[in-house]
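Spelled out from the first residue to the last, the chains are:
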Amino acid sequence: MRRLLLILLIIAPLAAHATPPAAAPSRIVSLKPSITDVVVALGASEKLVGVTKYCDGPEGAAIAGDYTQPYAEKIVALAPDVVLGSEENSSKRSIEQLQRMGMRIELFPFTTVTDTLTSIREIGRLLGRSGAGDALARKTERALVQLKARWKDSPRVKTVVVWGLRPLVVAGPGSYIDELLDFIGAENAVRGTKIKYPHIGLEELIAMDPDAIVDLSMGSEASTVFSEVEKPSGKKSGGGPWEDVNSIGAVSDGRVISLDASMFRAGPGLPGGLATLGEMLHR
Amino acid sequence: MNALLSALLLAALAFGILHGSESVTLSEAADPDGRARAILLFARIPRALLAALVGMALASAGGAFQALLRNPLADPFILGVSGGAALGSVLGIGFSLPFELVSVAAFAGAVLSMLSIYAVSGTRGRRDATALLLTGVIFNAFCFALILFVNAVVTMEQAYQILFLLIGNLEVTDMGTVAIVAAFVLSGFFTLCFLSGRMNLLSLGDDEATSLGVDVGKLRAAIFFSASLMVGAAVASSGLIGFVGLFIPHAVRLLFGADHRLLIPASGLLGAAFLVFADAGARTLLMNTGYATQLPVGVITALVGAPLFMLLLRRRT
């Protein structure tokens, strides 16, 4: 037993040395739109051989998965050097399955702004573009800091962010979007629940009396035409149950904003999307 | 007895309207622009009324189907109409239709399936209970396969909507929708009450009922169509809320006996009251806790209904 340990102790460092640092991958599968955005922003889009159904390009990349489910066979056929995913998206089982097939899988979290910035750097490192990764992370961070400064002295806009209409699901404290609101001088009107995406009733919405309602219930499926289109007051705003309830400030002021959720995707595009929402909220 | 149950239903409605996560007093509600009034008018009253109508539809249709099929396991969802309605809803969700049109699609699904089930189950000149039951069950299975097919190809947001449709959920509806549901449910309910005396004869068996002067085929069609329309309206507005339609008629039978002239109206009234209470629970149980969220009402109906029912059954046997 002791001899075995000894051998292990000697061999382990050798073995670690034996694997050379992996060369920069040239065939990449991305299992998350955020990751695809980062890889594209780092100028490595030609290396993306597979992306998800919900990624924006690049052209020529095959569809290798949807939100939660990587298409294992497709991925094997694409013969990537590395598969980039995230724990929050992909089901553990499918990741393990890919690993058993001998795939190299790297997971990057994108659930908070800090995570996002770290993940941008690490993806840069993995692509052999550490400099570009660091620069992109710094640029993203700087843009977010500037946003915060832009709205520092404005009155806070009490906002409800709606993810689904039937059931009425909103972003609660601790959710990804909750953190983002702080950057644009807004605060989440949904409080006091440990559930990140609680299902509320119209009653609770009336009681919260938000200054603004941001309706993301079209998900990332809203067409680009639909995104950034603000519904002026008086018009039907896509069938939210709040439509006729004028006691809600957001409704009587016409500050019900329907947006494409992908505008707030974690990654290099985030500051741009947030800036747009900030201008709408403080209008 | 029905007067007593009507009073219970009124009490349930009052409770449902006055009970919520926010405290609302009637004096606050006097302010026409106030929050309290908005909560009552837009949130609680339509929802409590919808709960009552859906509960009434499911429980009385459940009782009628149990008589029609002479099967104690029958519930309002057994004859395939609910599957057709759910499929209509799911297709509506899949095509991203606004809610009003999703409900229309659901109701169209219910009517189409009702007609086709009726036609298919009677092709060999006779339409007995078994043929109707089997057709309904198989039609449901077929619809649910299609629902799962649609579910596999839609987005995550849509899949979530489909999940809530399948477990049943009373969401806020405008009074217009409530009025439409009311038209179908009330006309179905009163038709079933009117037919309830003949349901007693039907439970003796087809031959006995015929010898007593009942046109069994016509009666069966009348029960099937009026109950199905109610179920279609219920599913179109609030999805597949389980257990109410199975457990309430049995509870009524255990409490008041098996005479359908009492069973059908009593089931409708008790089902309405029960669903209003259950929905008040679904809305508020967790709302003022650290885990503030609503529960789907189907969770409460089965969690409360199952033990209650077992208690009744034990007391009786």
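It should be noted that the structure appears before, not after, this text.
To start, this report covers the structure provided alongside it. (Residues numbered from 1 in each chain as written. Chains lettered and ligands numbered in written order. Predicted model: local features only at pLDDT ≥ 70, side-chain atom pairs only at ≥ 80, totals over all residues. Heavy atoms only, no water.)

Before going further, it helps to spend a moment on the overall build of chain B. Each helix and strand in chain B was counted, giving 13 helices and 0 strands. Order of helices (α) and strands (β) in chain B, N terminus to C terminus: α-α-α-α-α-α-α-α-α-α-α-α-α. For chain B, whose C-alpha radius of gyration is 20 Å, the value lies close to the compact-globule estimate of 20 Å for 317 residues. Dimensions of chain B, computed from C-alpha atoms along their principal axes, come out at roughly 65 × 50 × 35 Å. Out of the 317 residues in chain B, the part that is buried amounts to 55%. Sequence-distant contacts in chain B: of pairs separated by 6 or more residues, those separated by 24 or more amount to 77%. Counting every atom, chain B has about 13,200 Å² of accessible surface; 71% of that belongs to carbon and sulfur. For chain B, the distance from the average site of its 17 positive side-chain charges to the average site of its 16 negative ones is 10 Å. (Helix = DSSP H or I, 4+ residues; strand = E, 2+ residues; numbered from the N terminus. Rg over C-alpha atoms; globule rule 2.2 N^0.38 Å. Buried < 20%, exposed > 50% of the residue type's maximum accessible area, 1.4 Å probe, protein only. Contact = heavy atoms within 4.5 Å. Areas by Shrake-Rupley, 256 points an atom, 1.4 Å probe, with all protein chains shown as cover. Lys, Arg positive; Asp, Glu negative; His and termini not counted. Charge placed at Lys NZ, Arg CZ, Asp CG, Glu CD.)

Tallied over the entire structure, the rule returns 1 cavity of 30 Å³ or more. Here the largest cavity is characterised by a volume of approximately 60 Å³. Lining the largest cavity are A:Gly201, A:Leu202, A:Glu203, A:Glu204, B:Ala43, B:Arg44, B:Arg47, B:Val172, B:Arg283 and B:Gln294. Listed by contribution, the elements that provide at least two residues to the lining of the largest cavity are helix H8 (202–208) of chain A together with helix H3 (35–69) of chain B. Tallied by class, residues from the lining of the largest cavity come to 3 nonpolar, 2 polar and 5 charged. (1 Å grid on protein atoms, 1.4 Å probe; cavity = no way out; pocket = protein on both sides within 12 Å on 5 of 7 lines; lining within 4 Å. Points joined across faces, edges and corners; volume = space filled by probe spheres on them. Nonpolar A, V, L, I, M, F, W, Y, C, P; charged D, E, K, R; others polar.)

Another point: unusual backbone geometry. With an omega of 0 degrees, the peptide bond running from A:Arg166 to A:Pro167 counts as cis. Note on placement: A:Pro167 falls in the loop between strand E6 (157–164) and strand E7 (169–170). Despite not being glycine, B:Ser96 has its phi angle at roughly 55 degrees, a positive value. Tracing the backbone shows B:Ser96 in the loop between helix H4 (81–94) and helix H5 (99–121).

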